[in-house]
Amino acid sequence: MAELIKIAQLSCGTEYSSVQYEIEKAARSVGAKIVYPDVSAADINAAVERFGFNPRSPQLKLMIARAVQLADGLYDADAVFIATCFRCAEAALVRNELRRFIQENTRLPVVTYSFTERLKASQLLTRMEALVTIVARKELLAREKQSGLTAGLDSGSSTTKAVVMQDNKIIGKAWMPTGDVVESATSVLEEAMKMAGVELKDLEAIGTTGYGRFTLGKHFNAKLVQEELTVNSKGAVWLADRQRGEATIIDIGGMDNKAITVRDGVPDNFTMGGVCAGASGRFMEMTARRLKIDVSELGNYAVKGNWKNAKMNSYCSVFGIQDLVTTLGEGKSFEDVAAAACHSVAEQVYEQQLQEVDVRHPIIQVGGTSLNAGLVKAIGEVLGEPPIVPENSQFIGAVGGALLSSGFL
Amino acid sequence: MSEERETRLLMIAPTSNVTPDQLSRTIHAMGERISVKETCYGCLIEGPRDLVRKVRDAARELDPNGIFSKIRAYPLGDPRRCRAHHGTRPGFSQLEMEWNALTNISAGLDASDRGEKVVEPEPKKQLPVTEFKKICEVNQ
Amino acid sequence: MKVFIDPPNSLILFDLIERFGHEPLSTMAALQERVDNIEIDMPPMNVTLDDVIKGLKYAGIEVPSGIRGRLAVWGPLIEEADAAVVMEGAPFSFGCVGCERSNLMVKYLLQRRNIPVLYVTYPEDEEQGKLVVAKVKEFLQGLDKKEAN
């Protein structure tokens with residue numbers, strides 16, 4: 001293994017929440033180590049004064065001083081992890097402003113996290129892996145064109161997607177709901193290869209991403225096995241033809257949501273997660289089921305409706321569905337209810353994910369849920385700007401996999 | 001005698017003439033069955049509790065009001081605590097700041113030994129609003 | 001007597017309490033028990049999920065985990081204390097005392113114990129240093145008398 005990637009930790013409360021060990025374990029498992037920028041006591045007051053926010057909690061002052069060390073290039077680190085206790089308002093303010101400060105003053109990739117005592121290393125793995133990928137695979141991530149004949153497999157929580165690409169063009173694609181990880185992937189890959197008119201032995205490289213990436217990577221002997229934050233970003237900017245400059249990528253997934261800001265296609269800040277399924281693609285499925293319509297039709301209903309006519313505002317999918325039942329009981333139209341469901345998800349993505357990143361333009365909405373016109377409209381309304389939805393937007397992960405794996409040829 | 005491990009840091013006040021090197025050598029010279037590690041602010045000692053306390057008292061004779069001590073949770077060289085491992089832990093800044101304050105505490109101990117009487121000054125009160133108003137009016 | 005110190009990791013208070021013949025109750029001692037426990041592997045401090053859950057005794061689930069974890073370490077010390085010395089306005093409060101909300105809660109828990117508590121202000125000059133030492137000494141000698149009675 002090459003030298004460990006140094007992730008600077010700026011945090012408050014990790015050791016007393018019994019999560020420091022988990023943070024370090026996650027870092028170790030992806031070839032990184034956690035470091036604390038050194039500060040002397042004399043640096044602290046000066047740093048707080050310069051930063052301009054003077055928190056009452058001394059540990060937060062120390063976080064600020066450590067961030068200033070990074071900003072001034074006095075401490076050598078490759079990436080930054082900023083974490084504070086969930087439900088601490090003072091720390092939440094400092095966490096977000098420090099993230100902004102780091103981004104304004106350095107080119108280091110940053111991820112923020114608010115934890116509870118239940119945090120496990122596995123929850124951080126994708127984020128830590130992405131930080132490491134951004135640092136360690138700079139050259140690979142700079143790749144803008146696919147070459148040769150490659151395939152990408154994206155094993156998501158809801159659906160599995162496959163794409164076959166040749167000479168920077170998509171020549172085969174397929175998706176299906178995820179069942180058994182390997183079976184689903186085999187099936188979509190076969191379908192995509194059939195469409196492309198190629199066979200497995202012809203493929204020069206395969207790239208896997210998503211929850212099932214490790215299993216698939218092993219099974220298909222993939223050249224690239226990489227987390228979905230960096231892979232999806234590359235796929236999104238390739239599909240939207242926005243490889244250069246800045247953008248924000250919004251990916252509302254089946255189980256979690258991602259908001260990623262990119263510079264030249266490489267993420268420099270991202271958030272992942274969602275308090276509950278109430279803010280994810282799963283809620284769209286539940287709503288469709290309750291309305292007894294196919295989820296693919298939900299968007300068409302939603303664009304015709306007005307969310308203001310139906311009240312639906314819940315962080316929880318169970319309460320969300322209760323709202324939905326009540327609203328239907330009041331005789332509201334399917335269209336209004338569908339629009340309200342989309343609006344509710346968009347609002348929560350805004351409240352939960354987009355508060356942790358600075359939205360850059362353009363906004364590219366991707367993932368299976370971006371096929372839902374109602375959700376795209378709702379995101380546009382909430383953000384005050386319609387997002388770009390590129391063609392094949394549900395295939396970002398698979399496209400990113402095919403594109404990046406061609407870098408190994 | 002308690003055999004339980006005690007790790008203790010001895011810190012020399014900025015105003016003291018004792019050096020960390022002098023302190024460590026004095027302790028070594030005692031020939032006790034304890035570990036000593038010189039640090040930038042004094043030294044760390046570790047061994048069975050009663051012995052560590054005996055050494056602390058003896059070492060303090062170099063400058064009774066200029067050498068301070070507290071226990072440390074981690075044993076010497078514990079990688080969980082080690083600065084070289086991944087940078088300073090938060091308590092380090094605290095030690096630095098307390099070190100600066102030892103000058104005043106040292107002076108306090110000296111005064112106490114001399115039997116100096118200390119009178120507590122009246123605490124400052126906030127200016128009554130009526131008074132403040134008058135000042136504002138004068139400056140108008 | 002057992003005297004709780006606040007900040008609970010203060011070198012100055014720890015030293016003064018010992019110097020004047022009492023036993024300081026500190027974070028260091030509470031953590032030593034944990035770091036020496038070879039059955040727990042939760043570095044760096046071996047504060048465990050169980051600890052954070054025990055912290056619910058002092059603060060509800062809506063309170064951040066870092067506060068509950070800290071209170072789980074200090075709470076038993078406060079319960080065990082016969083007296084306490086609190087230094088207010090200390091500029092040195094990092095590490096375990098890095099969370100201001102937790103620190104406020106410690107002062108409140110001490111108040112509720114109804115034990116003798118001495119409040120001193122962090123000294124800014126030698127005169128104030130003399131005052132701190134004199135007050136701490138007088139307070140601790142008063143405890144001796146109380147014990148003798």
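None of these values were measured; they are calculated from a predicted model. (Residues numbered from 1 in each chain as written. Chains lettered and ligands numbered in written order. Predicted model: local features only at pLDDT ≥ 70, side-chain atom pairs only at ≥ 80, totals over all residues. Heavy atoms only, no water.)

Observations regarding the domain arrangement of chain A
Residues and elements named next belong to chain A. Structurally, chain A comprises domain 1 (5-136) and domain 2 (141-230 + 396-408). One C-alpha centre belongs to domain 1, the other to domain 2; they are set 34 Å apart. Among the residues domain 1 hides against domain 2, the three largest losses belong to Thr126, Glu129 and Thr133. Together they make up 70% of the total. The closest approach of N and O atoms between glutamate 129 and arginine 213, which form a salt bridge, is 2.7 Å. The interface formed by domain 1 and domain 2 includes three residue pairs in polar contact (both at pLDDT 80 or more). (Domains from an automatic or database assignment. Buried area = accessible area lost by both parts, 1.4 Å probe. Salt bridge = Lys/Arg side-chain N within 4 Å of Asp/Glu carboxyl O. Polar contact = N/O pair within 3.5 Å; in protein donor to acceptor, adjacent residues only side chain to side chain.)

Digging into the environment of Ile61(C)
Tracing the sequence through the fold places Ile61(C) in the loop between helix H3 (49-54) and helix H4 (65-80). Not counting residues up to four positions away in its chain, the partners in contact with Ile61(C) are Arg87(A), Glu117(A), Leu56(C) and Arg68(C). (Helix = DSSP H or I, 4+ residues; strand = E, 2+ residues; numbered from the N terminus. Contact = heavy atoms within 4.5 Å.)

A closer look at the sheet that holds strand E2 (residues 35-38) of chain B
With antiparallel pairing, the four strands of this open sheet are ordered in space as E2-E3-E1-E4 (chain B). At either end of the open sheet lies a strand with only one pairing partner, and these are E2 and strand E4 (67-72) of chain B. Put simply, the sheet's adjacent strands are angled 20° from each other on average, direction ignored. Pairing geometry for strand E1 (residues 5-12) of chain B and E4(B), over six bridges, is antiparallel. Bridge pairing in E4(B) links Leu10(B) to Ser69(B). Each of E1 and E4 of chain B is contacted by helix H1 (residues 11-19) of chain C, which is oriented at about 105° to E4(B), the strand it contacts most. Helix H2 (residues 27-35) of chain C contacts E1 and E4 of chain B of the sheet and is inclined by roughly 40° relative to E4(B). (Pairing = 2+ DSSP bridges. Axes fitted to C-alpha atoms, helices over the stretch in contact; angles between N-to-C directions.)

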